[in-house]
Amino acid sequence: MLRFILRRLLLAIPVLLAVLTISFFLVRLAPGGPFMEERAYPEVVRQKLEQKYGLDKPIHEQYLNYLNRVVFHLDLGPSTRYIERSVGDVIVQGLPNSMILGASAYLIALVLGMGAGILAALRQNSSVDYGAMAVAVLGVSVPNFVLGPVLVIVLSLSLYLLPPARWGDLSHLILPALTLSALYTAYIARLTRSGLVEVLRSDYIRTARAKGLREGVILVRHALKGAVLPVVSYSGPALAFLLGGTIVVERLFLIPGLGNFFIEAANARDAFIVVGVTLVVATLLILFNLLVDILYAFIDPRIAYK
Amino acid sequence: MQQTTPTVATTESPAIVAGTSLWQDAWQRLLKNRLAVVSAVVLGFILIAVTVGPLLSPYTFDQTDAAAVYLPPSAAHWFGTDQLGRDLFVRTLIGGRISLTVGAIASLVSLVIGVTYGAVSGYLGGKVDEAMMRLVDILYSLPDIFLVIVLLAFFSRDIFVLFAMLGAISWLTMARIVRGQVLSIKNREFVEAARAIGVPTHQILLRHLVPNALGPVIVYTTLTIPSVMLTEAFLSFLGLGVQPPLSSWGTLVQEGVGAISVYPWHLLFPGAIMTITLFSLNFLGDGLRDALDPQSRKD
């Protein structure tokens, strides 16, 4: 197991280097620059600014400087969009908000999705089952940027129950988290249902029934464990989509999260923020996928990593 | 994952005894899936509407009218008008054209790349396979949506770049599926026979291996289309995709969000049509999976 983790962490190094290199060159080779859009600086000022950020040097030199800075000093550089702040500052400010949003959305999805999935599987081919699964396909089909505004119209602008936007206390979290969770609730409901249906039909469940165990005990002790596996393995890819989803939801609800900063920075051609955020996201992605694989091995002892 | 309407296995029917091909059998199963059939009809209707609808309308998608700004839905403007007095019905149909085209073309790109890559990797096997699949693993862990945003924001918001890129980021799963299929059939007798009589490799791949992997490929393609359409809408929503006056469903929804409290129809009509389309595509995809691959049904 330890060797497996080490190997995966080692494999992460070339991936992260690739992410850094690809995004750096994409950003720096693109026409235009951070001081050429929108604000028209006098030529002298622009040159001075580029000098300050080291953007006047040849591209390979910039790349090596940046690489050296990131790898050996763990410094993601300055921001050109948010003057006088470093990329690290921006990430420290934005990442917690995005994490809170993402984590609450995934938690909602787990509870609602698994609940619906279990209910549907226990009442297989009933109207409850069909209803739940139709709602689940709907959940996969409604884009979150449609769902969010609709929720705002209904819950904020008509019923005045929740604030329509901004960020601060718990009431601000509910709408965005619900919006973001819809897709995952739907997927998890479907995964739980099909997993549980299959498990409930297996021999060891029949044995448990033959022993005279109560249905409740069978479900909790024996069946759920098997049914949860597909949900666990879905959590890895789900995180990747969750990161994309937070961008939209953050923009919809004006949340000062990483996604919002990223879009702002991309539009302002702030190379350092764009590369820095992409790197952070890639790192998170790798770590969570590793975590999912480890969790998988704990739940299912048949899986052994070499 | 599974589907709602149970399709009864047709093994007892006399037609099976007479021998039905896989495709006939699947077709029968698909027809029995009411939701899938309804979805197909709805999709057909939407396809016709977005193709001929704009031609029949008295308005064009970029025709502004200062006297008709933000009109509510009426007989003259079925979906109302937008902030520049453009007819929203026509804009929604044009948006549908773009969204569906993006979905189709990007899925085609991902189909070609994914099938080729997966088939070659699976058939050649050994070190080549190992290296090719390792590359797929690495690409999987790239935050692709972030890279796409960077590309669109920094280089070009050209719609063809969008097509190509969406296709280029969605072929990975297809490659894995095809590779798995090819691995499971490449050592069967008919492939060995083909090899023995000297059929060249590319023909073995094209004539023997790929056709036998077609079922899962069709299913996965049907499910790729809605997911690509969602990604396109997502990018257009962020202002990085289709640029006005041309519209996609994502662009229209984004414009609608700005006017949400006063003119909710601007958001609701395009949003609803897009949702119905995605809904139908997902149902049809699920139905096709159940029909083509009865073993994947887990109920």
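Not measured: the values here are computed from a predicted model.

Draft legend 1. Quick look at the overall build of chain A. Helix and strand counts for chain A come out as 11 helices and 0 strands. Mapped from its N terminus to its C terminus, chain A presents α and β elements in the order α-α-α-α-α-α-α-α-α-α-α. Here chain A holds 306 residues, and the buried ones make up 40% of them. When contacts within chain A are restricted to residue pairs at least 6 apart in sequence, those whose partners lie at least 24 apart make up 73%.

Draft legend 2. Examining helix H10 (residues 258-267) of chain A more closely. Residue and element names in this part refer to chain A. With 8 of 10 residues buried, H10 lies mostly within the body of the structure. Buried residues of H10: Leu258, Gly259, Asn260, Phe261, Phe262, Ile263, Ala265 and Ala266, and no others. Just downstream of H10, arginine 269 is the residue with a positive phi angle, here 55 degrees.

Draft legend 3. Broad picture of the interface of chain A and chain B. Counting from both sides, the interface comprises 46 residues of chain A and, opposite them, 38 residues of chain B. Among the secondary structure elements, those contributing two or more residues to the side of chain A that touches chain B are helix H1 (2-29), helix H5 (127-141), helix H6 (144-158), helix H7 (170-200), helix H9 (215-252), H10 and helix H11 (271-299) of chain A. Here the side of chain A that touches chain B is composed, by residue class, of 33 nonpolar, 9 polar and 4 charged.

Draft legend 4. Focus on the packing of H10 of chain A against H11 of chain A. All names here are of chain A. One can describe the packing of H10 onto H11 by two numbers: an axis separation of 8 Å at closest approach and a directional angle of 145 degrees. Here H10 and H11 pass one another in a crossing that is left-handed. Between H10 and H11, the residues in contact are Leu258, Phe261, Phe262, Ala265 and Ala266 and Ile273, Val274 and Val277, respectively. Its residues placed into classes, the contact of H10 with H11 shows 8 nonpolar, no polar and no charged.

Draft legend 5. How the structure looks around unusual backbone geometry. All names here are of chain A. Its identity is not glycine, yet leucine 254 carries a phi of approximately 55 degrees, on the positive side. Tracing the backbone shows leucine 254 in the loop between H9 and H10. Taking the C-beta count within 10 Å as the criterion, leucine 254 has 14 such neighbours and is therefore assigned partly exposed.

Draft legend 6. The arrangement of the packing of helix H4 (residues 88-124) of chain B against helix H5 (residues 126-140) of chain B in detail. Interaxial distance between H4 of chain B and H5 of chain B falls to 7 Å at its minimum, and their mutual angle equals 145 degrees. Counting all contacts with H4 of chain B, which are made through Tyr117, Ser121, Gly122 and Leu124 of chain B, the residues of H5 of chain B involved are Gly126, Val128, Asp129, Met132 and Met133 of chain B.

Draft legend 7. Main features of the nonpolar core. Core analysis: the biggest nonpolar cluster contains 150 residues, and Phe262 and Val274 of chain A have the highest contact counts within it. Other than its neighbours up to four places away in sequence, valine 274 of chain A contacts Ser23, Val27, Phe262, Ala265 and Ala266 of chain A together with Val150 of chain B.

What counts, and at which threshold
Residues numbered from 1 in each chain as written. Chains lettered and ligands numbered in written order. Predicted model: local features only at pLDDT ≥ 70, side-chain atom pairs only at ≥ 80, totals over all residues. Helix = DSSP H or I, 4+ residues; strand = E, 2+ residues; numbered from the N terminus. Buried ≥ 20, exposed ≤ 12 C-beta atoms within 10 Å, placed from the backbone. Contact = placed C-beta atoms within 7 Å. Nonpolar A, V, L, I, M, F, W, Y, C, P; charged D, E, K, R; others polar. Axes fitted to C-alpha atoms, helices over the stretch in contact; angles between N-to-C directions. Left-handed = near helix turned anticlockwise from the far one by under 90°. Core = buried A, V, L, I, M, F, W, Y, C linked by C-beta atoms within 7 Å.

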